[in-house]
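In case you want the letters, here they are:
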Amino acid sequence: MIELKNPSQIAVMRKAGKIVADTLQLMRENVRPGITTGELDRIAEEYIRKCGAVPAFKGYNGFPSSLCTSVNEQVVHGFPGLRTLKSGDIISIDCGAVFDGYVGDAAITLPVGEISEELQLLLRVTEESLMMGIPQAIKGNRLQDISHAVQTHVEAHGLSVVRDYVGHGIGRAMHEDPQIPNYGKPGRGPRLEIGMVLAIEPMVNLGTYEVKVLSDHWTVVTKDGKASAHFEHTVAITENGPEILTRS
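The notes below deal with the structure included here. (Residues numbered from 1 in each chain as written. Predicted model: local features only at pLDDT ≥ 70, side-chain atom pairs only at ≥ 80, totals over all residues. Heavy atoms only, no water.)

**Examining the nonpolar core**
And step 1. M27, L40, I91 and I93 are the most contacted members of the largest nonpolar core, which has 36 residues in total.
And step 2. Counting residues in each nonpolar core, the second largest holds 15 residues, with M13, F63, C68 and I170 among its members. (Core = buried A, V, L, I, M, F, W, Y, C linked by side-chain atoms within 4.5 Å. Buried < 20%, exposed > 50% of the residue type's maximum accessible area, 1.4 Å probe, protein only.)

Following this line, the structure appears as structure tokens:
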């Protein structure tokens, strides 16, 4: 069942989203060669709590940290820890915060120092695909109009869309109906309505779309070992069109 949010609920989610957006801005300022993923997690958690919010991921189904930090071939759900970033890496940072009972959720992928042209393309196209999908989140469209817009842009550049992990509805819970695949045919899926709030999150690989989960039961990596990128926004469907809630 898809829960519709009223304007007052969306107003609270806007506050949660801004905390997430500002946390990710802190990540942009701190990602550099030599920093550990654990240090990034510490900075993020400290800021989220300073804002009067709670990290949404910490303790979620046993996840131990406030961020997901996924480096290079890691797609999603990587653990922060002792890993030291080096020039040429890319790092996907997924962040969630709960404020006054509602969740904000967003992700970015950042370069560490100088990265290859191939990786620059991966980051650019993944973020562009998110921004192609968001305008489809309007009243009267179908859910897979979003999916199709993402997939079309990604595949036009010779990249592949992860199929095993998808976007989702969001509100009081981090994961609500509906699931939002990043691939599909237009004109299919539930009709979009005012009050839906969606976490739209393309995960895009340089090589195959196939992935596997490591022995920690969390970290998802590409099967061929090639790099992956991830961008996400929490988006409300309003009378005035889609509103990105996870924006500073």
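**Focus on empty space enclosed by the protein**
And step 1. Under the criterion given, the structure shown has one cavity of 30 Å³ or more.
And step 2. In this structure, the largest cavity occupies an estimated 40 Å³ of space.
And step 3. Taken together, C68, S70, V75, V76, H77, S92, I93, D94 and H230 make up the full set of residues lining the largest cavity.
And step 4. Going through the elements one at a time, strand 2 (67–71), strand 3 (74–76) and strand 4 (90–99) are the ones with two or more residues in the lining of the largest cavity.
And step 5. Looking at which element gives the most residues to the lining of the largest cavity, the answer is strand 4, with three residues.
And step 6. Of the residues that constitute the lining of the largest cavity, the class distribution is four nonpolar, four polar and one charged. (1 Å grid on protein atoms, 1.4 Å probe; cavity = no way out; pocket = protein on both sides within 12 Å on 5 of 7 lines; lining within 4 Å. Points joined across faces, edges and corners; volume = space filled by probe spheres on them. Helix = DSSP H or I, 4+ residues; strand = E, 2+ residues; numbered from the N terminus. Nonpolar A, V, L, I, M, F, W, Y, C, P; charged D, E, K, R; others polar.)

**Things to note about the layout of surface pockets**
And step 1. Considering only enclosed or pocket space, the largest pocket measures out at about 430 Å³ in volume.
And step 2. In terms of lining residues, the largest pocket is bounded by 24 residues, among which H77, V166, H168, H175 and E201 are the most central.
And step 3. Elements that contribute at least two residues to the lining of the largest pocket include exactly strand 7 (167–169) and strand 8 (176–180).
And step 4. With three residues, the top contributor of residues to the lining of the largest pocket is strand 8.
And step 5. By volume, the second largest pocket is sized at about 200 Å³.
And step 6. Elements represented by at least two residues in the lining of the second largest pocket include exactly helix 1 (7–30), strand 5 (102–111) and helix 3 (117–133).
And step 7. For the lining of the second largest pocket, the leading source of residues is helix 1, giving four residues.
And step 8. Grouping the amino acids of the lining of the second largest pocket by side-chain chemistry returns eight nonpolar, four polar and four charged.

**What to know about the sheet that holds strand 12 (residues 220–222)**
And step 1. Here three strands make up an open sheet; going across it, the order is 3-12-11 and the pairing antiparallel. Each edge of the open sheet is held by one strand with a lone partner, namely strand 3 and strand 11 (211–213). Adjacent strand axes in the sheet meet at a mean angle of 40 degrees when their direction is disregarded.
And step 2. Pairing of strand 3 with strand 12, which is carried by two bridges, proceeds in the antiparallel orientation. (Pairing = 2+ DSSP bridges. Axes fitted to C-alpha atoms, helices over the stretch in contact; angles between N-to-C directions.)

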